[in-house]
Amino acid sequence: MDLGIIVATSLILVVVVVVVAVVVVVVVVVVVVVVVKVVVLSPNYPRNYPNNARCAWTIRSSPGTQITFSFSNLKVPSDRYCLSDSVSVYNGARINSSALMLRACGLTAVAPVTSTSNVIYVMFRSDSATTGTGFSAQWSTRRDCYYNLRGSSGTIQTPNYPRNYPINKHCTWRITTSARTQVRLSFTSVNIQNTYLCAADYLANENGSTEMGINVEQEH
């Protein structure tokens, strides 16, 4: 069984092994973990934000997750290209024009955006003219490549197998067996991008468990 086809991109596969009480049959459960937070981003919300404000937040979740960002309220004076007061959301941990996912202003609803990584950067700015009540926003994180496997035997494979696995994936298989047993992993074939010290794509085995968390950093 091939684990995948070589592609020049980043793929991280983590196998987590846990021993618990007796399990009789093999059950494979695809778990989608979602964490929702509500954040008030603009200064003084729900009162008017000040002129010449500059605020930035880095929203960071666990590796292997994606972040969806959406507005629950938006009242920011608008112009044609949102060049005065605006909220900008970037895919990644810094300002990069090619990573801009959203620039919002005005009073109308804005469609949610979803990152391709586990980090987004949110920037709010106002000019010296009019202000508004600003905005509140919420985000959710999603892990779309996480598997719980229980039982005495089973198989795992990379996404899209036997075709190329996708880019920027962080997949986890959590293998649980009965108490006082050991788990043996046997690979019939491995075909993953070969780099020095496995700096790009790699497969790792962890004895234990991991939990998904989220961290938000506000810059002052």
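Residues numbered from 1 in each chain as written. Predicted model: local features only at pLDDT ≥ 70, side-chain atom pairs only at ≥ 80, totals over all residues. Heavy atoms only, no water.

Undergrad: So what's going on with the overall build of the protein? Which residues, and what values?
TA: Helix and strand counts for the protein stand at 0 helices and 14 strands. In sequence order, the secondary structure elements of the protein are arranged as β-β-β-β-β-β-β-β-β-β-β-β-β-β. Looking at the 220 residues of the protein, the share that counts as buried comes to 40%. Taking contacts inside the protein between residues at least 6 apart in sequence as the whole, the part at least 24 apart equals 86%. Approximately 12,300 Å² of the protein is accessible, and the part contributed by carbon and sulfur atoms is 51%. (Helix = DSSP H or I, 4+ residues; strand = E, 2+ residues; numbered from the N terminus. Buried < 20%, exposed > 50% of the residue type's maximum accessible area, 1.4 Å probe, protein only. Contact = heavy atoms within 4.5 Å. Areas by Shrake-Rupley, 256 points an atom, 1.4 Å probe, with all protein chains shown as cover.)

Undergrad: Quick rundown of the nonpolar core? Include the residues and the values.
TA: It is characteristic of soluble globular proteins that their nonpolar side chains tend to be buried jointly. L41, F69, F71, V122, F124 and F135 are the most contacted members of the largest nonpolar core, which totals 25 residues. At the level of secondary structure, the elements contributing two or more residues to this core comprise β4 (54-61), β5 (65-75), β6 (86-91), β7 (100-104), β9 (119-125) and β10 (134-143). Sequence-distant contacts of L41, that is, excluding residues within four places in its chain, are made with W57, F69, V122, F135 and A137. Core analysis: the second largest hydrophobic core is formed by 5 residues, C145, L149, C171 and W173 among them. (Core = buried A, V, L, I, M, F, W, Y, C linked by side-chain atoms within 4.5 Å.)

Undergrad: So what about the state of the cysteines? Which residues, and what values?
TA: By the definition in use, this model includes 1 disulfide. Across a sulfur-sulfur distance of 2.1 Å, C82 and C105 are joined as a disulfide pair. On the S-S bond that ties C82 to C105, the torsion sits near -80°, and the link is left-handed. Of this pair, C82 sits in the loop between β5 and β6 while C105 sits in the loop between β7 and β8 (113-114), and the two are 23 residues apart along the sequence. (Disulfide = S-S within 2.5 Å.)

Undergrad: Break down the packing of aromatic side chains for me, citing the residues and quoting the values.
TA: Evaluated as defined, the whole model comprises 6 aromatic pairs. Three or more aromatic residues joined by ring pairs make a cluster, and in this case those are Y49, F69, F71, F124 and F135. (Phe/Tyr/Trp six-rings, centres within 6.5 Å; stacked < 30°, edge-to-face > 60°.)

Undergrad: Pulling in residues and values, what's your account of unusual backbone geometry?
TA: A cis amide bond links Y45 with the next residue in sequence, P46, at an omega value of 10°. By secondary structure assignment, the location of P46 is in the loop between β3 (33-40) and β4. Put simply, Y161 and P162 share a cis peptide bond, and its omega is 10°. Phi at L197 takes a positive value of approximately 60°, unusual for a residue other than glycine. Considering the arrangement of structural elements, one finds L197 in the loop between β12 (169-177) and β13 (202-207).

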